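# A structural walkthrough
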Amino acid sequence: MRNAVPQEIEITKINESKISQVDFENLAFGKVFTDHMFICDYVNGEWQTPKIVPYGPLTLDPSARVFHYGQAVFEGMKAYKDDQGDTFLFRPDENFKRINKSAERLAMPEFPEEYFFDGLNTLLKLDDQWIKSGFGNSLYIRPFVIATQPSVSASEADEYRFMIICSPAQSYYSGDVSVLVAEKFSRSASGGFGYAKAAGNYAGQFYPTKLAKEQGYQQIIWTDSNTHEYVEEAGTMNVFFRINDTLLTAPVSDRILDGITRKSLIALAEKQGYNVEVRPIKVSEVVDAFNNGSLKEIFGAGTAAVVSPVKAFGYKGEHYELEKQENSYASYFKKSLMDIQYNKAEDSFGWRTKV
Ligand code: COI
């Protein structure tokens, strides 16, 4: 929708910022939100005048289809502030493309590019004081679209709301994570919508993840729904394995999210001359590599999770503890990525976008 003419955003500012009540040293992920939010409604086949209003509750009809059929998609992105006070986004075009790809799969209308970027930039400038500089501080940005049409008829809606809300963030996980490899449950199946950032893809993970937590694991590594023999992705991140000096990750498919951090790490690793293999990975290969000592690392990659080392995994009743590595790939890639995001390193890929 490159040709849509952007409409002027109607802005209603807050009277008084709530920022002084926030403890920026102790932020739990996704609990505190900035002063403003962006809203754009889709009615009569058109996106209406976009608005920025004080952050607050919505009024929706109880029959709105999002409540009944989960017609909802979202994105996760971050804004980073450098030491000079300039703010940057990381590959925002990728988020824009992906939210529309997700929307298409859920029969939702495409959101225009100009509205997305105008809305986002205006919101970030208005709530600039919420973006703190310093490595590890960021503003987590959550664009999302919900079906607002009142009616419980089970078909796609013809009224929607696109919104952007923002939350100051530090790390998603407080330390290294442990993961359980799925033997029975599936995140998605071929022909489904695992590749979409659809709300239901996450809701369906909560129950198996709750069971995994009862066994002491924080996340599940999903396996393919046909055989449960191949690793796919984890609940909040794509997954990488280091076997000897080779970095391995599963290819994306209609079941696996095409993670932006994932593909950035692959590009960084290839540029640095690392041996990277993007191919189906059997769980048995990972277990064998653990047993013969060649499995050096597992880590997750995602916008919220950044690069999160995995300290242990469980599979078929066995528990495997990984040894901590000196000069780990996880810490190298985390630093290389964050140096670009925080404007500390040259951006040879052109990933950084100044707000
Ligand atoms: C993100 O990394 O932005 C995600 O969307 C994962 C989320 C479920 C926390």
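The name an unreviewed UniProt entry gives the protein chain is Branched-chain-amino-acid aminotransferase, with Aquimarina amphilecti as the organism. The heading Function (unreviewed entry) in the UniProt record of the protein chain holds the text "Acts on leucine, isoleucine and valine." In its Sequence similarities (unreviewed entry) section, the UniProt entry covering the protein chain states "Belongs to the class-IV pyridoxal-phosphate-dependent aminotransferase family."

### Remarks on unusual backbone geometry
Excluding glycine, a negative phi dihedral is what most residues carry, and trans is how most peptide bonds are arranged. Phi at H228 takes a positive value of approximately 55°, unusual for a residue other than glycine. In this structure, H228 sits in the loop between β11 (219–223) and β12 (231–234). Located in the positive-phi region is K316, a residue other than glycine, with phi close to 50°. Tracing the chain through its elements places K316 in the loop between β17 (306–315) and β18 (318–321).

### Details of the UniProt feature "modified residue: N6-(pyridoxal phosphate)lysine" (unreviewed entry) in the protein chain
The positions UniProt marks with the feature "modified residue: N6-(pyridoxal phosphate)lysine" (unreviewed entry) are K197. Topologically, K197 is positioned in the loop between β10 (177–181) and α4 (199–214). Residue K197 is classed as buried on the basis of its 24 C-beta neighbours within 10 Å.

### Some words on the site of the ligand
What surrounds the ligand is the set G76, Y202, T236, G302, T303, A304 and A305. When grouped by side-chain class, the residues that make up the shell around the ligand number three nonpolar, four polar and no charged.

### What to know about the domain arrangement of the protein chain
The assigned domain composition of the protein chain is domain 1 (10–170) and domain 2 (177–341). Taking only C-alpha atoms into account, the centre of domain 1 sits 27 Å from that of domain 2. Listed by partner, the interface residues are 22 residues for domain 1 and 14 residues for domain 2. Tallying contributions element by element places helix α2 (residues 92–105) first for the side of domain 1 that touches domain 2, with six residues.

Parameters at a glance
- Residues numbered from 1 in each chain as written.
- Predicted model: local features only at pLDDT ≥ 70, side-chain atom pairs only at ≥ 80, totals over all residues.
- UniProt positions renumbered as here; feature names shortened; annotations may be inferred.
- Helix = DSSP H or I, 4+ residues; strand = E, 2+ residues; numbered from the N terminus.
- Buried ≥ 20, exposed ≤ 12 C-beta atoms within 10 Å, placed from the backbone.
- Near = placed C-beta within 6 Å.
- Nonpolar A, V, L, I, M, F, W, Y, C, P; charged D, E, K, R; others polar.
- Domains from an automatic or database assignment.
- Contact = placed C-beta atoms within 7 Å.

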